[in-house]
Amino acid sequence: MSNHALDVVLVGGGMITHDQILPSLYHLQRQGRLGAIKICALDSAPLRALADEPVFAEAFPGQSFEAFPSLDTPETEKFPKLYRELIAALPPRNLVVVALPDHMHDPAIRFALEHDQHVLVVKPLVLRYDQAVAIERLAHRRGVFVGIEYHKRFDRRSLEARRHYRSGRLGEFRCGEAKMIEPYYYRHSNFQNWFTRENTDPMTYVGCHYVDLVYFVTGLRPTEVAVRGIEGAFPNGKVGFLWASGMVTWENGAILTVITGLGYPDEAPGTNDQAICLYGEGPENGTIIKHNDQFRGCSYGYTDRTAGAAFRFINPDYFRLVPWPGEGLRPVGYGYDSIEGLVQSAADVNAAGDRLPARQAVLDEIDARGIIATPKNSSINELVIEATRLSILADGRPAVIEYDPTPQARLR
Ligand SMILES: NC(=O)c1ccc[n+]([C@@H]2O[C@H](COP(=O)([O-])OP(=O)(O)OC[C@H]3O[C@@H](n4cnc5c(N)ncnc54)[C@H](O)[C@@H]3O)[C@@H](O)[C@H]2O)c1
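Residues numbered from 1 in each chain as written. Predicted model: local features only at pLDDT ≥ 70, side-chain atom pairs only at ≥ 80, totals over all residues. Heavy atoms only, no water.

Undergrad: Explain the overall build of the protein here, please?
TA: Scanning the protein from N- to C-terminus turns up 12 helices and 18 strands. Its C-alpha atoms put the protein at 60 × 55 × 45 Å along the principal axes. Looking at the protein residue by residue over its 412 residues, the buried ones come to 55%. A sequence separation of at least 24 residues applies to 69% of the contacts in the protein between residues at least 6 apart. Element-wise, carbon and sulfur atoms account for 52% of the exposed surface of the protein, whose accessible area totals about 17,500 Å². (Helix = DSSP H or I, 4+ residues; strand = E, 2+ residues; numbered from the N terminus. Buried < 20%, exposed > 50% of the residue type's maximum accessible area, 1.4 Å probe, protein only. Contact = heavy atoms within 4.5 Å. Areas by Shrake-Rupley, 256 points an atom, 1.4 Å probe, with all protein chains shown as cover.)

What follows is the structure in C-alpha cells.
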C-alpha cells in the first residue's frame, strides 16, 4: 500500500483540466508515479474534447483516461452524482483531484476524505473559513493529504522573493498593487452559468492568487478587505460582477490594492493581464519587489490563429509542452511543478505507512514547511474570500478579519 503509484479520479473536465492538470498527470503517469486516470464530468461533452485533443496525442502517445460518463453518452444526459460512485470504488489512499466550479469544492472534498482519499483541489479550497477548518480536521483525523493548487507559489520568482523577503533583504512590505484581468471571452464560456453575483466575483476568483502570494512571500496575515464590484450581464442574461477593485490591509498596516475583472481584450497579446508590485522599507532605504507576470520577454507572431490571435506574449514559465529527450512532449513550468509537488506530498504521506501517527507527522511537516498550500497553512485565503463577499455585496463597506479568539470576517 505505502509506495504504490496513486490511481486518480479527476472530477471536472473543464478549462483548467485541459490546460494544466491532465497534461501534468499524464507526465507523472508516464514516469510511473501515477496509475490509472479516471475523469468524471457533468456530461460527456468536455470529456470528448479532452479525449480528442490532438496536442495530448502528440505529447503523450499511447496514454489515455477512462471517461465517466462514457464518451458515447448523449451530452444532454447529466450525471451530477456519478463522481461519488467513482470515489467510493477507489481503494483508500489514492488521489481525488477536484476541478469543479468553486462553490462545488466543499462537498466533493468531504466526500473524498470520508472515503480516505488524498485530495488535490484547484484554488480556492472553499469559500468559507469554517469549511476549511472542517476539511483540515477531517483529513488529519484520517491521515490523508489535502493540497490546494496555488501554482503562483511555484513560480521561481515567487520562491526567490520568499527566500529574500524572509531573510530581511527585501525590507518590510508597506504599500503595493496587483492586477489580474482575465479575457473578455470568458463571458461567453461556461462561466456564464456559475460566475454569478450570488456565487462569486473576480476578486474571489482571481484576486486570491495575489493575496495568497503576498502571504506566501511575506508571512503577513490580512486584517481588512474592502471591495467594490461592477455588475454586468453575461450573454445568457445572468448577472455577475464583471470587475472588482479591492484594498487589502495587512497585520503590519501595509496596504495592497488589487484590480480584477473579466475584460482583457481577446485580441491583445497577453491572453490576460497580471502583475504585482510591493514597495517596502528597510532600515535606511526603500525596497521593491516587482513582477511582470504577463510579459515574460517572449512573443511570437504565428502563421495561424490557433492561439486565439496571430500575435501573442508567451509565458514559458507557467506551462508549456516542449520537446524533451523522451517520446512526445513534456510539460514544463510552475503549473507542472505545482501539480508534481502536490502529488509527491500525497505519495510522501503514503510512504509513512499504515500507522496513523506516522502519516500525521508527515502532514504536520508539510503544513509547517508552508510551500505546499494546505487547509491549515493557507486558510487566510478563505477569510479574505469571506470578507470580500461581505464587502462586495455591501457596496464596498470594509470587512475586518479577526484572528482571536476564533478567526472570522465581519463587516465593520
Ligand atoms: N489556478 C488557476 O489559475 C485556475 C484557473 C482556472 C480555473 N481554476 C479553478 O478550477 C475550477 C474549475 O474551473 P474551470 O475553468 O475548469 O471550469 P469549467 O467551467 O471550464 O469546468 C467545470 C467542469 O466541472 C464539471 N462539473 C460540473 N458539475 C459536475 C458534477 N456534478 N460532477 C462532475 N463534474 C461536474 C463540468 O462538466 C466541467 O467539466 C474552479 O474552481 C476554478 O476556480 C483555477
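This is not the end of the story, as more comes after the structure.
Undergrad: Help me understand the site of the ligand in this model?
TA: Residues in close proximity to the ligand total 26 residues, the closest being G13, P80, D102, H105 and N190. P80 places a main-chain nitrogen or oxygen 3.0 Å from a nitrogen atom of the ligand. Isolated, the ligand exposes 850 Å² of accessible area, and the fraction of that covered by the protein chains is 91%. Split by residue class, the shell around the ligand holds 16 nonpolar, 7 polar and 3 charged. (Near = heavy atom within 4 Å. Polar contact = N/O pair within 3.5 Å; in protein donor to acceptor, adjacent residues only side chain to side chain. Nonpolar A, V, L, I, M, F, W, Y, C, P; charged D, E, K, R; others polar.)

Undergrad: Honestly, the pairing of strand 4 (residues 95-98) in this entry has me stumped. Any pointers?
TA: Residues in a regular strand point their side chains to alternate faces of the sheet. Burial along strand 4 is two-sided: the face carrying L95 and V97 and the face carrying V96 and V98 are both buried. The pairing of strand 1 (residues 6-11) with strand 4 spans 4 bridges and is parallel. Pairing of L10 across the sheet is with V97, part of strand 4. Bridge count between strand 4 and strand 5 (residues 118-122): 4 bridges; the pairing is parallel. (Pairing = 2+ DSSP bridges.)

Undergrad: Looking at this structure, I do not really get the layout of surface pockets. What am I missing?
TA: If a probe as big as a water molecule is rolled over the atoms, it shows which places are left empty. Put simply, the second largest pocket is a space of about 210 Å³. If you trace the second largest pocket, you find it lined by F154, G341, Q344, S345, D348, V362, E365, I366, R369, I371 and I372. Broken down by secondary-structure element, the contributors of at least two residues to the lining of the second largest pocket are helix 10 (334-351) and helix 11 (356-369). Residue composition of the lining of the second largest pocket, grouped by class: 5 nonpolar, 3 polar and 3 charged. (1 Å grid on protein atoms, 1.4 Å probe; cavity = no way out; pocket = protein on both sides within 12 Å on 5 of 7 lines; lining within 4 Å. Points joined across faces, edges and corners; volume = space filled by probe spheres on them.)

Undergrad: It is not clear to me how helix 5 (residues 105-114) should be interpreted in this structure. Could you clarify?
TA: Since there are 3.6 residues in each turn of an α-helix, residues three or four apart along the chain are aligned in direction. The buried count for helix 5 comes to 7 of 10 residues, which makes it a mostly enclosed element. Among the residues of helix 5, H105, D106, A108, I109, F111, A112 and L113 are the ones counted as buried. Those residues of helix 5 that are buried are in contact with helix 4 (82-89), strand 4, strand 5, helix 6 (129-142) and strand 6 (146-149). The first or second residue beyond helix 5 is D116, which carries a positive phi of 55 degrees.

Undergrad: What's the story with the packing of helix 6 against helix 12 (residues 380-392) in this structure? I'm lost.
TA: Helix packing geometry: the angle between the two helix axes and the distance between the axes. Following both chains from N to C, one finds helix 6 and helix 12 inclined at 155 degrees, their axes separated by 8 Å at the closest point. The orientation of helix 6 with respect to helix 12, classified from their angle, is roughly antiparallel. Residue-level contacts link Y129, D130 and A132 of helix 6 to E382, L383 and E386 of helix 12. Here the residues of the contact of helix 6 with helix 12 are counted per class, giving 3 nonpolar, no polar and 3 charged. (Axes fitted to C-alpha atoms, helices over the stretch in contact; angles between N-to-C directions. Parallel < 35°, antiparallel > 145°, perpendicular 65-115°, else oblique.)

Undergrad: Even after reading the chapter, I still don't get empty space enclosed by the protein, so can you show me in this structure?
TA: Counted according to the given criterion, the structure contains 4 cavities of 30 Å³ or more. Quantified by volume, the largest cavity comes out at close to 120 Å³. The wall of the largest cavity is formed by 13 residues, among which A139, V146, L363, D367 and P375 lie closest to the centre. Examining the composition of the lining of the largest cavity, we find that 4 residues originate from one element, helix 6, more than from any other. Residue composition of the lining of the largest cavity, by class: 8 nonpolar, 2 polar and 3 charged.

Undergrad: Would you explain the environment of R174 in this entry?
TA: The residue R174 is located in strand 7 (residues 172-183) in this model. In this structure, R174 is in contact with N252, G253, A254, I255, Y279, G280 and E281, ignoring residues within four places of it in sequence.

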